[in-house]
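Observations on the three-dimensional arrangement
Take a look at the letters that make up each chain.
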Amino acid sequence: MNCLNAIDQVLTDAGEPLRYDEITRRILARDLWQSQGATPAATVNARLATDIKENSSGSRFQRTAPGVFALRAWGLPEHLPRERQQPASTDEKPEQAKPVVQPDTPSQESQALSFTDAAEVILERYGGQEPMHYRAITAKALELGLVKTTGKTPEATLYAQVLTETQRRKKRGEMPRFVMEGKGFIGLSDWLEGGLARQIELHNAEIRKALRVNLRAMRPDKFEALVGRLLVALGFEDTEVTSYGSDGGIDVRGTLIVGDVIRTRMAVQVKRWNKNVQSPTVQQVRGSLGTHEQGLIITTSDFSAKAKTEAARPDAVPVALMNGEQLVRLLVENQIGVSRAAYDLIELDGSEEED
């Protein structure tokens with residue numbers, strides 16, 4: 001099911017207008033649509049805003065308030081952007097003019113999308129299952145306000161980010177969401193009908209799930225040793241596992257080196273948990289940091305909203321967060337706990353065909 005159909009289903013079942021973030025939560029909870037971007041709520045909001053802007057009264061959706069959407073078939077009063085308000089009569093004094101509603105476009109109402117998420121939106125909405133050139137994708141994303149940038153070469157930025165994400169997902173054994181068609185043209189992998197690539201992705205998805213289950217079943221010492229191996233693969237040096245199985249202190253210490261220039265001392269706590277990590281854990285890690293150290297929490301589960309807010313608090317030492325999904329992706333990318341198998345495909349050699 002595509003994104004707009006999933007939104008339609010959620011609104012139909014709800015029978016009432018919903019905010020775009022609540023729509024997103026229900027879509028993901030019911031597995032009606034899977035976003036491969038980092039900000040699914042922003043993507044849902046952008047796709048709704050784009051559909052309404054492009055189709056106007058022909059859209060099956062409408063706004064009833066900023067960020068709140070309903071099905072047009074319900075016939076509810078519509079929240080209109082400024083450009084669609086009726087102009088005041090010419091004989092009306094300026095001070096008597098009715099206040100107008102501020103524009104309700106993706107660029108003003110919603111959080112801007114990443115270049116890759118915006119590219120996915122544009123391709124789904126305007127591609128017609130045919131590749132588009134990255135310059136055309138960028139121009140449309142900027143026109144609709146899906147991305148915000150002060151850079152001088154947004155087209156190059158979009159193309160570079162799509163290429164980087166595609167290469168990285170292939171390295172992780174994941175199905176890339178984009179297909180590079182050559183000469184700057186980009187398509188979506190969702191347009192591909194089944195085939196070997198889709199079968200491989202389904203297999204790899206099952207392996208990633210199994211790996212996450214295995215991580216939760218590991219003995220504490222083995223799990224922390226595995227995390228130590230991952231940190232080395234990510235560029236850490238002088239790593240030292242400081243404790244096995246304790247649930248209160250720093251588990252691994254090391255120095256993250258980037259390009260032989262940047263050296264950051266890191267203190268890592270690992271949580272082989274099923275429950276989400278809460279903000280007190282972030283505070284505890286921050287309180288355990290030594291001089292000039294930064295913190296990192298790695299968990300097989302996820303982090304609560306308050307934990308994420310606490311970790312990013314601007315007036316405190318930063319604490320980085322790595323959840324179970326990110327952990328599995330990095331393990332696969334660095335072939336820790338998994339192995340890669342390559343297979344050769346054979347095809348008929350045309351040179352041997354009879355004339």
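These numbers were taken from a predicted model, which means no experiment stands behind them.

Basis of the calculations
- Residues numbered from 1 in each chain as written.
- Predicted model: local features only at pLDDT ≥ 70, side-chain atom pairs only at ≥ 80, totals over all residues.
- Heavy atoms only, no water.
- Helix = DSSP H or I, 4+ residues; strand = E, 2+ residues; numbered from the N terminus.
- Buried < 20%, exposed > 50% of the residue type's maximum accessible area, 1.4 Å probe, protein only.
- Contact = heavy atoms within 4.5 Å.
- Areas by Shrake-Rupley, 256 points an atom, 1.4 Å probe, with all protein chains shown as cover.
- Expected span 1.5 Å × (residues − 1).
- Arc of directions from axis to C-beta.
- Pairing = 2+ DSSP bridges.
- Axes fitted to C-alpha atoms, helices over the stretch in contact; angles between N-to-C directions.
- Core = buried A, V, L, I, M, F, W, Y, C linked by side-chain atoms within 4.5 Å.
- Patch = residues over 30% accessible without salt bridge, like charges linked within 9 Å, V, L, I, M, F, W, Y side chains within 5 Å.
- Salt bridge = Lys/Arg side-chain N within 4 Å of Asp/Glu carboxyl O.

Focus: the overall build of the chain
Assigned secondary structure in the chain consists of twelve helices and eleven strands. Looking at the chain as a whole, 40% of its 355 residues are labelled buried. Considering only intrachain contacts with a sequence separation of at least 6, the fraction spanning at least 24 residues in the chain is 57%. Summing over all exposed atoms, the chain offers an accessible surface of approximately 19,900 Å²; the carbon and sulfur share of this is 50%.

So, the environment of Thr12
Structurally, Thr12 can be placed in helix α1 (residues 3-14). With 59 residues separating them along the chain, Thr12 and Leu71 place their C-alpha atoms 7.6 Å apart.

Thoughts on α1
For α1, spanning twelve residues, the distance from its first C-alpha to its last is 17 Å, which sits close to the expected 16 Å at 1.5 Å a residue. Taken together, the buried positions of α1 are occupied by Cys3, Leu4, Ala6, Ile7, Val10 and Leu11. All buried residues of α1 project into a common sector of 160° when viewed along the axis, lining one side. Packing partners of the buried residues in α1 comprise β1 (18-19), α2 (20-29), α3 (40-55), β2 (61-65) and β3 (68-71).

Overview of the sheet that holds β1
Sheets are built from strands paired through backbone hydrogen bonds, the pairs being either parallel or antiparallel. Judged by pairing direction, the sheet is antiparallel, and its three strands sit side by side in the order β1-β3-β2 without closing on themselves. Of all the strands in the sheet, the pair left with one neighbour each is β1 and β2. Pairing of β2 with β3 involves four bridges; the strand directions are antiparallel. Bridged to Phe61 within β3 is Leu71. Across the sheet, α3 lies against β2 and β3, angled at about 110° from β2, the strand it touches most.

Side note on the nonpolar core
Side chains that are nonpolar tend, in soluble globular proteins, to be buried together. Counting residues in hydrophobic clusters, the biggest one holds 22 residues, and the most contacted among them are Leu123, Ile137, Leu146, Leu158 and Ile186. Breaking this core down by element, the ones donating at least two residues are α3, α5 (115-126), α6 (134-143), α7 (154-171) and β6 (185-188). Residues Phe223, Leu226, Val332 and Ile336 belong to the second largest nonpolar core, which totals 21 residues.

Comments concerning the environment of Ala112
The residue Ala112 is located in the loop between α4 (106-109) and α5 in this model. Judged by relative accessible area, which is 24%, Ala112 ranks as partly exposed. The spatial distance from the C-alpha of Ala112 to the C-alpha of Ala46 is 8.6 Å, given a sequence separation of 66 residues. Leaving out residues up to four positions away in the same chain, Ala112 has contacts with Leu146, Val147 and Lys148.

Considering the sheet that holds strand β10 (residues 293-299)
Spatially, five strands are ordered β7-β8-β9-β10-β11 in an open sheet, and the strand pairing comes out mixed. At either end of the open sheet lies a strand with only one pairing partner, and these are β7 (236-241) and β11 (319-322). Put simply, the sheet's adjacent strands are angled 25° from each other on average, direction ignored. Seen against the sheet, helix α12 (residues 324-333) touches β10 and β11 and runs at an angle of roughly 75° to β11.

Considerations on a nonpolar patch on the surface
Where nonpolar side chains cluster on the molecular surface, the patch consists of Val258, Val261 and Ile262 and spans about 290 Å² of accessible area. Among the secondary structure elements, Val261 is positioned in the loop between β8 (252-258) and β9 (262-271).

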